[in-house]
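Here are the chains, one letter per residue:
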Amino acid sequence: MNTGVQAGNWHRRIWRLAMPMIISNISVPLLGAVDTAVMGHLPDPAYLGAVAIGALIFSYVYWSFGFLRMSTTGLIAQAFGSADEAGIQTVLFRAGAIAFGLAAGIILLQLPIALLSFSLIPASEQVEDFARTYFFIRVWGAPAALGTFVILGWFLGQEDARTPLAIQVFTNGINIALDLLFVVGLGWGVEGVAAATLIAEFAGFALGGVLVLRRLGGMSGRIPIDRSHFSFREFKTMVAINRDIFIRTFCLLTAFGIFTARGAQMGDVTLAANAVLYQFLTFSSHGLDAFAHAAEALVGGAKGRRDRAGFHEASKVALLWGLGIAVGATAIFFVAGPYIIDGLTGIPEVRNTANTYLFWAAIMPIVSVWCFTLDGIFIGATRSVDLRNSMLITFIGYLAALAVLEQAFGNHGLWASLVVLMILRGVTLGLRYPALLRSIDR
């Protein structure tokens, strides 16, 4: 097996992974932008607010289990770095079993999940009715969504970013096409957005499954599935890593959930304007995450080889390029932000409100690049305890900032609290990096 362990040129290796991931990741917020645009050009801002709330709920429901992608990438990268073909296959089986078990739980518990979600997110009656419709259609895509997390992490851990690119672009391309067909062409409204996403999720999962089978068939030592793949001890180790990343992700999603919920309390127009500006954050974060994902694969491989120098070099280069992209994104948002807002919504009051708060969305790439890259480094090293503890400290700091800033400055304070969240994430992980580096020893 080609392990890709040669030191090589780290800049070239980072870009070999990051470039496909940039294209892949940008396709995700592009889909969100299309959802926002097709809803934002309907006559009532309630449609846009409903999709924003529905998407937020699925950020919780699905991305709370984003550890399936993250832990799979880290574990596979370390197995790949040490040329452990059996480990590469075994992690896939275990992660897949966990994913499908969780998906079954989501479907069985969809009613209490919905009741809890809508009790925590205050919105107008019309917005909530539309959001409920969205939720109960899209929830059936849970097996495909969680299974795809595992597939993406499995390929990325093997330093293969092109296959995740193909899967993501295929999935989101279908979703965008069906969005336009169902909403613009057939006039289905919120139901059309949800149905388009549901169909696309299963299509992407089917493609990913075919590609996984093809890769497994090409391995030199095909490992048959047996009881050893499901040993309690090994599952316990994977579950412990996943538990910590789950806590980290849940705290992060809760912070964003509070942001959306507080915006909803300020009225439908503010909720819709924040949803438009959130697309700026989503675009930049998915672009910056490409370098975090590249770092996951490369530092994980370096850890598998016990290569401290390679680990540190991969970390530095990923952060350097991420910072360059962040500066460019901020410049673009300041210059082109008003035009982007106009493209996302045709409602005058939403446009005006979004322009009032554009500054906060524009500076977010520079503020957040540090925490995104460090997240990738710690995920690749499977240092899940550090990720968990860092986020717990950060979340407490965010709540404190929110209590002070929102009361004093309204929606400006709400956005400023989000900036505090990103800064604290970077600082708390950065303080733990020296100890992490010392642990990577030959």
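Given the structure is predicted, the values throughout are model-derived calculations rather than measurements. (Residues numbered from 1 in each chain as written. Predicted model: local features only at pLDDT ≥ 70, side-chain atom pairs only at ≥ 80, totals over all residues. Heavy atoms only, no water.)

K.L.:
Give a description of the packing of aromatic side chains that names residues and reports values.
P.N.:
One pass over the structure, following the stated rule, counts 15 aromatic pairs. On the numbers, 5.1 Å between centres and 85° between planes, the contact of Phe135 with Phe136 is edge-to-face. Of the residues examined, Phe135 reaches a relative accessible area of 1% and is grouped as buried. The rings of Phe256, Phe259, Tyr278 and Trp415 are connected pair by pair, giving a single aromatic cluster. In this arrangement the basic side chain of Arg13 is found over the ring face of Trp10, its NZ or CZ atom lying 4.6 Å from the centre. (Phe/Tyr/Trp six-rings, centres within 6.5 Å; stacked < 30°, edge-to-face > 60°. Buried < 20%, exposed > 50% of the residue type's maximum accessible area, 1.4 Å probe, protein only. Lys NZ or Arg CZ within 6 Å of the ring centre and 35° of its normal.)

K.L.:
Please set out the packing of helix H11 (residues 268-305) against helix H14 (residues 358-380) residue by residue, giving values where relevant.
P.N.:
Interaxial distance between H11 and H14 falls to 8 Å at its minimum, and their mutual angle equals 20°. The angle between H11 and H14 falls in the class roughly parallel. In the packing of H11 onto H14, the handedness of the crossing is right-handed. Contact with H11, carried on its side by Leu277, Phe280, Leu281, Ser284, Ser285, Leu288, Asp289, Ala292, Ala295, Glu296, Val299 and Gly300, involves Leu358, Ala361, Met364, Pro365, Ser368, Val369, Phe372, Thr373, Gly376, Ile377, Ile379 and Gly380 of H14 and no other residues of that element. In terms of residue class, the contact of H11 with H14 is built from 15 nonpolar, 7 polar and 2 charged. (Axes fitted to C-alpha atoms, helices over the stretch in contact; angles between N-to-C directions. Helix = DSSP H or I, 4+ residues; strand = E, 2+ residues; numbered from the N terminus. Parallel < 35°, antiparallel > 145°, perpendicular 65-115°, else oblique. Left-handed = near helix turned anticlockwise from the far one by under 90°. Contact = heavy atoms within 4.5 Å. Nonpolar A, V, L, I, M, F, W, Y, C, P; charged D, E, K, R; others polar.)

K.L.:
Go over the layout of surface pockets with me, naming the residues and quoting the values.
P.N.:
Put simply, the largest pocket is a space of about 550 Å³. Surrounding the largest pocket, 24 residues form its lining, Tyr60, Leu116, Ser117, Leu120 and Phe250 being those nearest its centre. Among the secondary structure elements, those contributing two or more residues to the lining of the largest pocket are helix H2 (45-63), helix H4 (85-108), helix H5 (110-120) and helix H10 (232-265). For the lining of the largest pocket, the leading source of residues is H10, giving 8 residues. (1 Å grid on protein atoms, 1.4 Å probe; cavity = no way out; pocket = protein on both sides within 12 Å on 5 of 7 lines; lining within 4 Å. Points joined across faces, edges and corners; volume = space filled by probe spheres on them.)

K.L.:
Tell me about H14, and please be specific about residues and values.
P.N.:
In this model, H14 (23 residues) spans 34 Å end to end at C-alpha, consistent with the 33 Å of a helix rising 1.5 Å per residue. Of all the bends found along H14, the most pronounced is centred on Ser368 and spans about 45°. Counting buried positions along H14 gives 20 out of 23 residues, so the element sits mostly inside the fold. Where H14 terminates, the next one or two residues include Thr382, which has phi positive at roughly 50°. (Expected span 1.5 Å × (residues − 1). Bend = angle between axes of the 7 residues up to and from the residue.)

K.L.:
Run through the nonpolar core, naming residues and quoting values.
P.N.:
Among the nonpolar cores identified, the biggest contains 84 residues, and Tyr62, Leu68, Leu146, Trp154 and Phe311 are the most heavily contacted of them. It is helix H7 (residues 142-157) that provides the largest number of residues to this core, a total of 10 residues. (Core = buried A, V, L, I, M, F, W, Y, C linked by side-chain atoms within 4.5 Å.)

K.L.:
Help me get a handle on the side chain of Glu406, residues and values and all.
P.N.:
Note on placement: Glu406 falls in helix H15 (residues 384-409). Taking the relative accessible area as the measure of exposure, Glu406 reaches 14% and is therefore buried. For Glu406, the side chain forms a polar contact with the side chain of Arg262, separated by 2.3 Å. With residues up to four places along the chain from it excluded, the contact list for Glu406 reads Arg262, Met266, Ala401, Gly413 and Leu414. (Polar contact = N/O pair within 3.5 Å; in protein donor to acceptor, adjacent residues only side chain to side chain.)

K.L.:
Run through empty space enclosed by the protein, naming residues and quoting values.
P.N.:
One pass over the structure, following the stated rule, counts 2 cavities of 30 Å³ or more. In this structure, the second largest cavity spans a volume of roughly 30 Å³. If you go around the second largest cavity, the residues you meet are Arg248, Asp375, Leu387, Ser390, Met391, Arg425 and Leu429. Ranked by residue count, the leading element in the lining of the second largest cavity is H15, at 3 residues. Across the lining of the second largest cavity, the residue classes tally to 3 nonpolar, 1 polar and 3 charged.

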